[in-house]
Amino acid sequence: MTRAIEVENLTMTYGTLRAVDDVSLSVEQGEFVGILGPNGAGKTTTLETIEGLRRPDRGSVTVLGQPVWPRNAGLLPRIGVQLQASSFFERLTAREQMHTFAALYGVRTSVADDWLERVGLVDKADTRVEDLSGGQTQRLSIASALVHDPELVFLDEPTAALDPQARRNLWDLLSGLNDSGRTVVLTTHYMDEAEVLCDRVAIMDSGRILQFDSPSALIRRLDAPARITVAPGQLQLDEARRIDGVDEAAEGSDGVVLVTRQPTVVVSRLAETDQLDGVRVQTGTLEDVFLDLTGREYRA
Amino acid sequence: MTSPSAFTALSLAILKGFVRDKTSVFFAVIFPLMFLVLFGGLFSDQDQSKVELIQVGGVALVDGLPDDAREAFDETFEVERSDDLDAAIAEVRKGDADVALEQQGDQLVAHYTQTEQVKAAITQGALRAFVDGANVAQLSAESGQPPTFTLETERVEDESLTTIQFVTPGLLGWAVAMSAAFGAAATLQGWRQSKLLRRLQLAPVSTRTVVGARVTVTVAIALAQLAIFIGLGAAAFGLTLTGSWWMSIPLLVVGTLCFMALGLLAGAVTTTVEGAVNAANFVVLPMAFLSGSFFPLDATPGWLQAISNALPLKHLNEAMMDVMVRGEGPSSALVPMGILAAFALVVTLVAARLFRWETS
Ligand SMILES: Nc1ncnc2c1ncn2[C@@H]1O[C@H](COP(=O)(O)OP(=O)(O)O)[C@@H](O)[C@H]1O
Ligand SMILES: [Mg+2]
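Residues numbered from 1 in each chain as written. Chains lettered and ligands numbered in written order. Predicted model: local features only at pLDDT ≥ 70, side-chain atom pairs only at ≥ 80, totals over all residues. Heavy atoms only, no water.

1. Observations regarding the overall build of chain A
And then number 1: Across its full length, chain A carries 10 helices and 14 strands.
And then number 2: Projecting the C-alpha coordinates of chain A onto the three principal axes gives extents of approximately 70 × 45 × 35 Å.
And then number 3: With 300 residues in all, chain A has 52% of them scored as buried.
And then number 4: Residue pairs at least 24 apart in sequence account for 66% of intrachain contacts in chain A once pairs closer than 6 positions are excluded.
And then number 5: Working note: accessible area of chain A is about 13300 Å², and carbon and sulfur atoms make up 44% of it.
And then number 6: Of the side chains in chain A, 30 bear a positive and 46 a negative charge, and the two mean positions are spaced by 5 Å. (Helix = DSSP H or I, 4+ residues; strand = E, 2+ residues; numbered from the N terminus. Buried < 20%, exposed > 50% of the residue type's maximum accessible area, 1.4 Å probe, protein only. Contact = heavy atoms within 4.5 Å. Areas by Shrake-Rupley, 256 points an atom, 1.4 Å probe, with all protein chains shown as cover. Lys, Arg positive; Asp, Glu negative; His and termini not counted. Charge placed at Lys NZ, Arg CZ, Asp CG, Glu CD.)

Given below as structure tokens:
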């Protein structure tokens, strides 16, 4: 099977700035892939080059087995794109936007109406885009990227600038996007989002892709110690230090905190002595992975 | 239901976007119509107003006019009598009267100012005509023969060009220039800002289809402007069109392309929608003044007319005037159309060179 995306040694520069620096990336069909990185990491530039909007300065990009540059008209109906801006026709209603995009792709009007329903915008169908909320705008934007049922979808920060509630609402919609075997590539600067939605995550910073793997593999590879918190009064500090596998123990505000590289061993020992009530286990997060890779805090 | 073609859908989307934008509609239609009403309605009898003439002492020519000539004279001049030459000249200088007339021996002396150029021209022409007429009458009386030549006085301007006739083509040219240039500038900038240009680039439609839809809508708006102007002018202010007025349609089409190109240029060199609209305004408004959209250029200095000849709107206005009200034939519009088309081509090429997909 041909790969959905094959990027080899892609470099993109703006003047003297290397926005994308020797990036290689391949995505299989049916995967849900996230590009995660802080603002300015080069996510949009990478995505837009893969979509065929920018000419690679160096390297090559192949999508669904075909080169994307120069503008490849045969690929356009097969890919769906949501750009990092609400690219709508001014002063048209949600329904009119969908109908216009349907016409651009030669799709039946009823399909456009179905999509409005699927993204939950039926009661906003007659509202002009300027009057939609941020979440509704993003839903419409996603619907218009999908109206022609593309095999490969690119979403550039679909949840940016949304409040946490709207963001979580959108996750439900996003997580269903590749159920039918569709390939999805999304950029985000939210760690939790990448962790929840993506099969594989490419961590990007300063134009480079630092790691590309499943969230759990990234965290596992980090080999960060787990932190086990035991509720106050359950366990004495000196007793805790004697437990096999505990590297460190300290009194915290919500109990004793054990640091260990063998969480399973420690938890089963706590279970034997019936000290499991109120226990909390924290393993590494993508945030720790980022810190480990770049040596600095992650700031979205 | 199957969808309309990409071209139809795009055209509809653009047209709806225009009609729903109150500011655009105001500047494309209402604002120019306000000028039409102002010029056509309020100033409509300005050029019928008489020349105010102060006759100082006895002027044999005027006093001795035969009845029919006297009637013609009174149609042009409003006569007031005075014995004080200095006071009369002072009044002319202040603008309370247009001309002071005295007789010095055999000479008729007219004192007037050039401030009101149209009236000055009428005064000169009419007085000369009356003097010539009197001379002819006297000669024929001396010889006992009826005069071989008779003189009929006529207004110095083109008789058919009442105010509404004169202002409609020029204001229409300005209105079309304004909406075409603003529309193109604002669309280019707006679509660039929202990345809609990029989005369309990723849809399976050709650039030709997108540009074609935008041009079609702008041309349709221009033709609607034409219909509204002619309709209102004819219904309310007695506008009468001459034979080849329909040539104004192809003229407006080519003119629209030309001003769209200017708008594209404004959109290409600016980075915000406001900037683009301001730049278009900065070009169109002075151009309208220098192209005779608001007042005739006949009396302006030569260098100004030379500048105006370099402006596309001047050629559109002149050609529109020729075919709509001056009764010129259809072929009179061909050269101006060629000039407008050449202008459109050159400006489009420049705009295309300066065009950027992104604002940064
Ligand atoms: N059109 C452009 N011209 C110049 N610099 C740009 C342009 N677009 C992006 N950049 C710069 O390139 C870098 C990467 O930007 P971008 O790809 O938008 O990152 P991200 O999407 O991860 O925020 C940033 O430093 C940004 O300022
Ligand atoms: Mg971005």
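2. Section: the overall build of chain B
And then number 1: On a plain count of helices and strands, chain B comes out with 14 helices and four strands.
And then number 2: For 360 residues, the compact-globule estimate of 2.2 N^0.38 gives 21 Å, and chain B exceeds it by more than 25% at 27 Å.
And then number 3: For chain B, the spread of C-alpha atoms along the principal axes amounts to about 90 × 40 × 35 Å.
And then number 4: For chain B, the proportion of its 360 residues judged to be buried stands at 43%.
And then number 5: In chain B, 77% of the contacts between residues at least 6 apart in sequence involve partners at least 24 apart.
And then number 6: On chain B, roughly 17900 Å² of surface is accessible, and the fraction owed to carbon and sulfur atoms is 61%.
And then number 7: Where the 21 positive side-chain charges of chain B centre and where its 34 negative ones centre are 27 Å apart. (Rg over C-alpha atoms; globule rule 2.2 N^0.38 Å.)

3. Re the coordination of the magnesium ion (ligand 2)
All names here are of chain A.
And then number 1: All of the protein donors around the magnesium ion (ligand 2) are T44 (OG1) and Q84 (OE1); their distances to the metal are 1.9 to 2.3 Å. Pair noted here: T44 is in helix α1 (residues 43-51) and Q84 is in the loop between β6 (79-82) and α2 (94-104), with a separation of 40 residues, a long-range link.
And then number 2: The exposure class assigned to T44 is buried, which follows from its relative accessible area of 17%.
And then number 3: Residue Q84 is classed as partly exposed on the basis of its relative accessible area, which comes to 36%. (Donors = N, O, S within 2.8 Å, 3.2 Å for Na, K, Ca; no water.)

4. A closer look at the interface of chain B and chain A
And then number 1: On the side of chain A, 33 residues touch chain B, which itself brings 27 residues to the contact.
And then number 2: The largest share of the area that chain B buries against chain A comes from R20(B), R199(B) and L202(B), three residues that together contribute 28% of it.
And then number 3: Our count for the contact surface shared by chain B and chain A stands at four salt bridges.
And then number 4: Close ionic contact of K195(B) with E48(A) constitutes a salt bridge, the shortest N to O distance being 2.5 Å.
And then number 5: Taken together, the connections running from chain B to chain A amount to 15 residue pairs in polar contact (both at pLDDT 80 or more). (Buried area = accessible area lost by both parts, 1.4 Å probe. Salt bridge = Lys/Arg side-chain N within 4 Å of Asp/Glu carboxyl O. Polar contact = N/O pair within 3.5 Å; in protein donor to acceptor, adjacent residues only side chain to side chain.)

5. A look at the domain arrangement of chain A
And then number 1: Entries for chain A in the domain assignment read domain 1 (5-220) and domain 2 (225-283).
And then number 2: Summarising the inter-unit geometry, the C-alpha centres of domain 1 of chain A and domain 2 of chain A are found 43 Å apart. (Domains from an automatic or database assignment.)

6. Here's the deal with the side chain of T127(A)
And then number 1: Take T127(A): it is sitting in the loop between α3 (109-118) and α4 (134-146).
And then number 2: Every residue in contact with T127(A), bar those within four places of it in the chain, is listed here: L92(A), T93(A), A94(A) and L132(A).

7. What to know about the sheet that holds strand β5 (residues 66-67) of chain A
All names here are of chain A.
And then number 1: Overall, antiparallel pairing links the four strands, which are arranged β2-β1-β4-β5 in an open sheet. Only two strands of the sheet have a single partner each, and these edge strands are β2 (17-27) and β5.
And then number 2: Relative to β5, strand β4 (residues 58-63) is paired through two bridges, and the arrangement is antiparallel. Paired with V63 across the two strands is Q66, which belongs to β5.
And then number 3: Against the sheet, α1 engages β1 (5-14), β2 and β4, with an angle of about 125 degrees to β1. (Pairing = 2+ DSSP bridges. Axes fitted to C-alpha atoms, helices over the stretch in contact; angles between N-to-C directions.)

8. Regarding the nonpolar core
Within soluble globular proteins, side chains that are nonpolar tend to cluster in buried spots.
And then number 1: The biggest cluster of nonpolar side chains holds 120 residues, and the ones touching the most others in it are F89(A), L104(A), L140(A), L174(A) and L251(B).
And then number 2: If you tally residues by element for this core, the top one is helix α7 (residues 163-193) of chain B, at 17 residues.
And then number 3: Those residues within four positions of L140(A) in sequence are excluded, and the remaining contacts are F88(A), A94(A), Q97(A), M98(A), L116(A), L121(A), V129(A) and L132(A).
And then number 4: By size, the runner-up hydrophobic cluster in this structure holds 31 residues, among which are L10(A), L53(A), V61(A) and F212(A). (Core = buried A, V, L, I, M, F, W, Y, C linked by side-chain atoms within 4.5 Å.)

9. So, the domain arrangement of chain B
And then number 1: As assigned here, chain B comprises domain 1 (47-155) and domain 2 (163-354).
And then number 2: For domain 1 of chain B and domain 2 of chain B, the distance between their C-alpha centres works out to 45 Å.

10. So, α2(A)
And then number 1: Within α2(A), nine of the 11 residues are buried, leaving the element largely enclosed by the surrounding structure.
And then number 2: Within α2(A), burial applies to A94(A), E96(A), Q97(A), M98(A), T100(A), F101(A), A102(A), A103(A) and L104(A).
And then number 3: For α2(A), the secondary structure elements touched by its buried residues are α3 and α4 of chain A together with α1 (6-19) and α8 (196-201) of chain B.

11. Brief notes about the pattern of salt bridges
Residue and element names in this part refer to chain A.
And then number 1: Applying the stated criterion across every chain yields a total of 24 salt bridges over all chains.
And then number 2: Notably, a salt bridge pairs E48 with R54, separated by 2.8 Å at the nearest N-O pair.
And then number 3: A residue is classified by how much of its surface remains accessible, and E48, at 0% relative accessible area, is buried.
And then number 4: What you see here is one network of salt bridges that share partners, running through R167, R168, D192 and E193.

12. Let's talk about the pairing of strand β7 (residues 152-156) of chain A
Strand residues, when the strand is regular, have side chains that alternate between the two faces of the sheet.
Residues and elements named next belong to chain A.
And then number 1: Summarising burial for β7: five of the five residues are buried, a large majority.
And then number 2: Taking every second residue as pointing to the same face, both faces of β7 are buried, with L152, F154 and D156 on one and V153 and L155 on the other.
And then number 3: In this structure, β7 lies alongside strand β8 (residues 183-188), joined through five bridges in parallel fashion. When the sheet's bridge partners are listed, V153 is paired in β8 with V184.

13. Describing the packing of aromatic side chains
And then number 1: All chains considered together, the criterion is met by 15 aromatic pairs over all chains.
And then number 2: Considering the side-chain rings of F355(B) and W357(B), the 5.3 Å spacing of their centres and the 75 degrees angle between planes classify their relative orientation as edge-to-face.
And then number 3: For F355(B), a relative accessible area of 25% gives the class partly exposed.
And then number 4: Within the aromatic cluster, the residues linked to one another by ring pairs are F26(B), F27(B), F31(B), F35(B), F39(B), W174(B), F289(B), F294(B) and F295(B).
And then number 5: A cation over a ring is seen here: R118(A) above W115(A), with NZ or CZ 4.1 Å from the ring centre. (Phe/Tyr/Trp six-rings, centres within 6.5 Å; stacked < 30°, edge-to-face > 60°. Lys NZ or Arg CZ within 6 Å of the ring centre and 35° of its normal.)

14. Things to note about the side chain of N178(A)
Residues and elements named next belong to chain A.
And then number 1: Tracing the backbone shows N178 in the loop between α5 (164-175) and β8.
And then number 2: A polar side-chain atom of N178 sits 3.2 Å from the main-chain carbonyl oxygen of G30.
And then number 3: What N178 contacts, discounting residues up to four positions off in sequence, is G30, E31, F32, V184 and D199.

15. Topic: the confidence of the model for chain B
Detailed reading of the predicted coordinates is not advisable wherever pLDDT is low.
All names here are of chain B.
And then number 1: On average, residues of chain B score 86 in pLDDT, and 91% of them are at 70 or above.
And then number 2: The weakest mean pLDDT in chain B belongs to helix α6 (residues 117-143) at 76; the strongest belongs to α1 at 96.
And then number 3: Below pLDDT 50 for its whole length, residues 153-160 participates in 12 contacts with residues either more than four positions away or in separate chains.
And then number 4: The ipTM, which scores confidence in the relative placement of chains, is 0.87 for this predicted complex, and the corresponding pTM is 0.79. (pLDDT = per-residue confidence, 0-100.)

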